[in-house]
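Listed below are the residues making up each chain.
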Amino acid sequence: MASSSLPKYHSLINNEFVSRESEESTTPHDDLYIPVINPCTEQVIALVTQASPDQISQALDSTVQAFSVWSQTPIEERAACMNRLADKIQENMNELAELESKNNGKTFFESIGDVDECCNTLRYYASLAGYVQEKLDGRVNPHHDSEKWGLSNRLCYEPIGPCVGILPFNYPLLLLMWKLAPAMITGNSILLKPSEYTSMTALVLADYIKDIFPKGVVNIVAGYGYKMGHLLTSDPRVKKISFTGSLATGLKVGAACLPTLTRCSLELGGKSPIIVFEDCDMSVAIESIVGGIFANKGEICSATSRLLVQKSIYQPLMDKLVEKTKTIVTGDSLFDKTVTHGAQVCKIQYDKVMNYIEIGKKEGAVALVGGGRPEVIKAQDPTKGFFVAPTIFTNVTPDMTIWKEEIFGPVLSVMTFETEEEAIRLANDTKYGLAASVISGSDERLERVGRQLCVGSLWLNASQPCLCQVPWPTRKQSGVGGAELSTFGADLFMELKTVWKKL
Ligand code: NAD
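Residues numbered from 1 in each chain as written. Predicted model: local features only at pLDDT ≥ 70, side-chain atom pairs only at ≥ 80, totals over all residues. Heavy atoms only, no water.

Under an unreviewed UniProt entry, the name given to the chain is aldehyde dehydrogenase (NAD(+)), and the source organism is Naegleria lovaniensis. Heading Catalytic activity (unreviewed entry) of the UniProt record for the chain holds this comment: "an aldehyde + NAD(+) + H2O = a carboxylate + NADH + 2 H(+)". In the Sequence similarities (unreviewed entry) part of its UniProt record, the chain is described as follows: "Belongs to the aldehyde dehydrogenase family." (UniProt positions renumbered as here; feature names shortened; annotations may be inferred.)

Caption draft 1: Molecular detail of the packing of aromatic side chains. On inspection of all chains with the given rule, the structure shows 7 aromatic pairs. With a centroid separation of 5.6 Å and 75° between ring planes, the pair formed by F169 and F408 is classed as edge-to-face. Of this pair, F169 sits in the loop between β8 (163–166) and α8 (172–185) while F408 sits in the loop between α16 (401–404) and β17 (411–417), and the two are 239 residues apart along the sequence. Residue F169 is classed as buried on the basis of its relative accessible area, which comes to 10%. F408 gets classed as buried once you look at its relative accessible area, which sits at 14%. An angle of 40° between the planes, with centres 6.1 Å apart, marks the rings of Y350 and F386 as tilted. With a gap of 36 residues between them, Y350 in helix α14 (residues 347–362) and F386 in the loop between α15 (375–380) and β16 (391–394) connect regions that are remote in the sequence. (Phe/Tyr/Trp six-rings, centres within 6.5 Å; stacked < 30°, edge-to-face > 60°. Helix = DSSP H or I, 4+ residues; strand = E, 2+ residues; numbered from the N terminus. Buried < 20%, exposed > 50% of the residue type's maximum accessible area, 1.4 Å probe, protein only.)

Caption draft 2: Representation of the site of the ligand within the structure. Near the ligand you find 27 residues, and of these K193, E196, S246, L268 and E406 are the closest. Contact between the ligand and S246: an oxygen atom at 2.6 Å from a side-chain N or O atom of the residue. In isolation the ligand exposes 850 Å². Once the protein is present, 89% of that is buried. Looking at the shell around the ligand, the elements with two or more residues in it are α10 (225–233), β11 (240–244) and α11 (247–257). Of the residues contributing to the shell around the ligand, the split by class is 14 nonpolar, 9 polar and 4 charged. (Near = heavy atom within 4 Å. Polar contact = N/O pair within 3.5 Å; in protein donor to acceptor, adjacent residues only side chain to side chain. Areas by Shrake-Rupley, 256 points an atom, 1.4 Å probe, with all protein chains shown as cover. Nonpolar A, V, L, I, M, F, W, Y, C, P; charged D, E, K, R; others polar.)

Caption draft 3: Focus on the sheet that holds strand β6 (residues 139–140). Strand order across the open sheet formed by 3 strands is β6-β7-β23, with antiparallel pairing between neighbours. Of all strands in the sheet, those with a lone pairing partner are β6 and β23 (494–502), marking the two edges. Note: strand β7 (residues 151–159) against β23, 9 bridges, orientation antiparallel. Within β23, the residue paired with C156 across the bridge is K497. (Pairing = 2+ DSSP bridges.)

Caption draft 4: Structural view of the pattern of salt bridges. All chains considered together, the criterion is met by 23 salt bridges. Among the ionic pairs, E23 bridges to R20, the shortest N-O distance being 3.0 Å. On the accessibility criterion, R20 (9% relative accessible area) is buried. The network of salt bridges with common partners includes D279, E420, R445 and R448. (Salt bridge = Lys/Arg side-chain N within 4 Å of Asp/Glu carboxyl O.)

Caption draft 5: Molecular detail of empty space enclosed by the protein. For the structure shown, the criterion picks out 2 cavities of 30 Å³ or more. Considered as a void within the structure, the largest cavity measures approximately 70 Å³ in volume. In terms of lining, the largest cavity is formed by 13 residues, of which the most central are A303, S305, E406, I407 and F408. Here the residues of the lining of the largest cavity sort into 7 nonpolar, 4 polar and 2 charged. If you add up the space inside the second largest cavity, you get close to 50 Å³. For the second largest cavity, the full set of lining residues is N38, C40, S101, K102, G105, K106, T107, G331, D332, S333, L334 and G342. Residues of the lining of the second largest cavity, tallied by class, amount to 2 nonpolar, 7 polar and 3 charged. (1 Å grid on protein atoms, 1.4 Å probe; cavity = no way out; pocket = protein on both sides within 12 Å on 5 of 7 lines; lining within 4 Å. Points joined across faces, edges and corners; volume = space filled by probe spheres on them.)

Below, the structure is given as structure tokens:
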């Protein structure tokens, strides 16, 4: 499709879409637009306009101004807007899910699940209106002796202020919602910045948002993080940065927040273990291992990418695991309904995963299955699409790169252990501490081992469930101040205040 005939998506600022079409004759195309590339076909399907520095500044002004209005808007009205947005998303679920798959490469089935969870997230946070109102009203401090001092004392919460939410590419709509919904119910305005690879659906959502929320309460700006990130993270009027992304960028965002002491929460990466004991139910183990690493083509922060299996069941488990992995169908789910595994989000991510696979082989690991482009894709079109075959590496040692570093793709590394102590030591031997999974038939063992794993989220005989109603804590280098997506996380968009009053 010629570039001029492609659909264009623009940033939403103060409830208006702002284009840069007037600059087309004076500014290089690459400075104005980001091509939206379908990862399954490699076709450019749309253009996203990069917000200019001036536009970002307008978006920040708008977010700051809207805060005073939104924070004073009755909480029932705030909740009503959120429920209306949920209704609108639900009405357009199929369209949104199709666009999400076209932009991100995940299967349509996975996209539908994400969009559905967006609605749940909005409705869940809207349902917390009473809980949040109680927090806003505050409670009498039970430790203060009012009569003695002639002063009452109350502790209450307030919304933080204008916020910025910076998003990764792996769950474009859902992660946006995990920031938007708690910020909205607690009375904050928010400026959202989707990933440069996956801005399209956020800007479709923007079209619904502008008809539902007052001006400036939600602004969405598109662009490359390396170009515009500092503008978003260095404005002293922004009271909180909520960042989800890689450890490397998280460190930059954290550093940018330091000079202004801006509150920031960082939801970062992982290299999460899954420990399988010999007393496990084999089918539970296989389901958890496969879902834990190959769902969403391995682009999950908490993907259980390190498998620790007890030596005594190594062979039967691996036989079943390989057999199951071979049933995964890679391809474009929008054209083939049997597809269960999509494409990596972009060329850079594809190359990165392929590079890790090569490093794994060079360092002596052995790919039992996968290990490159899927055979089925090579047979159809050997060059097109960012497809990586679900890959399982054995012969792995703890010093190998593929055991230590987050790959963020469908690559599982396997090691064996003999004792519980050894399994715990190997599992904890990582710079990350996001999540872990333990599979065993013994409840005592599940508890005992689980307690000793240094992670924020722990799954016992499962892997990956993650819901907005449940806190999402992080440890070690997986982040700080996380848990946006929880009842308690809503507090992260609130500030505590103590109020003294003369009796
Ligand atoms: P990334 O760090 O490359 O980018 C994330 C966002 O930061 C993007 O919007 C990007 O444009 C922006 N950005 C880049 N440079 C910036 C800067 N200097 N200042 C401000 N913003 C900047 O991450 P990604 O590759 O998009 O996502 C994958 C990573 O996200 C993985 O490491 C994954 O584990 C992590 N992740 C974590 C969670 C969690 O909850 N812990 C959830 C999803 C993804």
